[in-house]
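# Tertiary structure, described
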Protein chains: 2
Amino acid sequence: MKQIFYIDGNIEIVKNGQTFLNEKRVALLKHVKNKGSINAASKELKMSYQQAWHFIKEMNEISPLPLIVRQRGGSNGGGAIVTKHGQIAIKRYEDITSAHKKFKEKINATFDLFFFEQRYTVD
Amino acid sequence: MKQIFYIDGNIEIVKNGQTFLNEKRVALLKHVKNKGSINAASKELKMSYQQAWHFIKEMNEISPLPLIVRQRGGSNGGGAIVTKHGQIAIKRYEDITSAHKKFKEKINATFDLFFFEQRYTVD
């Protein structure tokens, strides 16, 4: 049976009603981790440096410990690193989204979503 | 322990990438069911009649059977009713969101979200 209707949706980690981590923000963290640069990470994600920096500033402010720190000087004119705290935050977020993915798969498998395709319901 | 970080997020029912049911749409269905009128339901939800009708048209088009049908004439100049199919759709959606709420509660209880509040992580 090809399932046509399915449930979808993303979760995010929130503090006092303010978004802390979501898919886009964690993608940003991971790109900074890989590239060692906020500028390179923002290009990778097709967002402006200002937007990327806004997200990072917000995450760092919400978190008790910074997730990303900027480094000055060096041959590349300064870069950015994801702290150990930031790396654990990425891992926690991915554990949660992985559990959420399994939840959605379970719902799609066990709920009668096929109902929405029934054509014989009679009023 | 007061939990400060928590996961949040809503699910929706999708067909071929197009939103079929979400929180707002199901609220609309329920208000039409209670009021017997799209106009009254849209006012209740502080949306325009055009917006409400757009949502209803889209749901009816995506669904194999209509969720809402308009009735002409009568003492109130015509109203709208939620079909039996629509009523079952509301119930299915609420079963799913209820399961999703439990999922979020379980994650919030079992995952170490408190981690994000730790101040002693050392790089």
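The rules behind these values
Residues numbered from 1 in each chain as written. Chains lettered and ligands numbered in written order. Predicted model: local features only at pLDDT ≥ 70, side-chain atom pairs only at ≥ 80, totals over all residues. Heavy atoms only, no water. Contact = heavy atoms within 4.5 Å. Buried area = accessible area lost by both parts, 1.4 Å probe. Polar contact = N/O pair within 3.5 Å; in protein donor to acceptor, adjacent residues only side chain to side chain. Helix = DSSP H or I, 4+ residues; strand = E, 2+ residues; numbered from the N terminus. Pairing = 2+ DSSP bridges. Expected span 1.5 Å × (residues − 1). Core = buried A, V, L, I, M, F, W, Y, C linked by side-chain atoms within 4.5 Å. Buried < 20%, exposed > 50% of the residue type's maximum accessible area, 1.4 Å probe, protein only. Axes fitted to C-alpha atoms, helices over the stretch in contact; angles between N-to-C directions.

This next bit is on the interface of chain B and chain A. Each side of the interface is counted separately: chain B has 43 residues, and chain A has 43 residues. Roughly 3,900 Å² is buried in total at the junction of chain B and chain A, and carbon and sulfur atoms are behind 69% of that figure. Our count for the contact surface shared by chain B and chain A stands at seven residue pairs in polar contact (both at pLDDT 80 or more). Broken down by secondary-structure element, the contributors of at least two residues to the side of chain B that touches chain A are strand 1 (5-8), strand 2 (12-15), strand 3 (18-21) and helix 4 (84-110) of chain B. With eleven residues, helix 4 of chain B is the largest single contributor of residues to the side of chain B that touches chain A. Relative to strand 1 of chain B, strand 2 (residues 12-15) of chain A is paired through four bridges, and the arrangement is antiparallel. Across the sheet, residue isoleucine 13 of chain A finds its bridge partner in strand 1 of chain B, namely isoleucine 7 of chain B.

Given 3.6 residues to a turn, an α-helix orients residues that are three or four positions apart in the same direction. Residue and element names in this part refer to chain A. Taking 1.5 Å per residue, 13 residues should reach 18 Å; helix 1 (residues 23-35) reaches 18 Å between its end C-alpha atoms and fits that length. Buried-residue contacts for helix 1 involve strand 3 (18-21), helix 2 (38-44), helix 3 (49-62), strand 4 (68-71), strand 5 (79-82) and helix 4 (84-110). Looking one or two places after helix 1, you find glycine 36, whose phi comes out positive at around 70°.

Let's shift gears to the nonpolar core. In this structure, Ile13 and Leu21 of chain A together with Ile13 and Leu21 of chain B are the most contacted members of the largest nonpolar core, which totals 62 residues. Not counting the four nearest positions on each side in its chain, leucine 21 of chain A is found in contact with Glu12, Ile13, Val26, Leu29, Met59, Leu67, Ala89 and Tyr93 of chain A together with Phe116 of chain B.

Before going further, it helps to spend a moment on the sheet that holds strand 1 (residues 5-8) of chain A. Pairing within the open sheet is antiparallel, and its three strands lie in the order 1(A)-2(B)-3(B). In this open sheet, the two strands that pair with only one neighbour each are strand 1 of chain A together with strand 3 of chain B. Put simply, the sheet's adjacent strands are angled 45° from each other on average, direction ignored.

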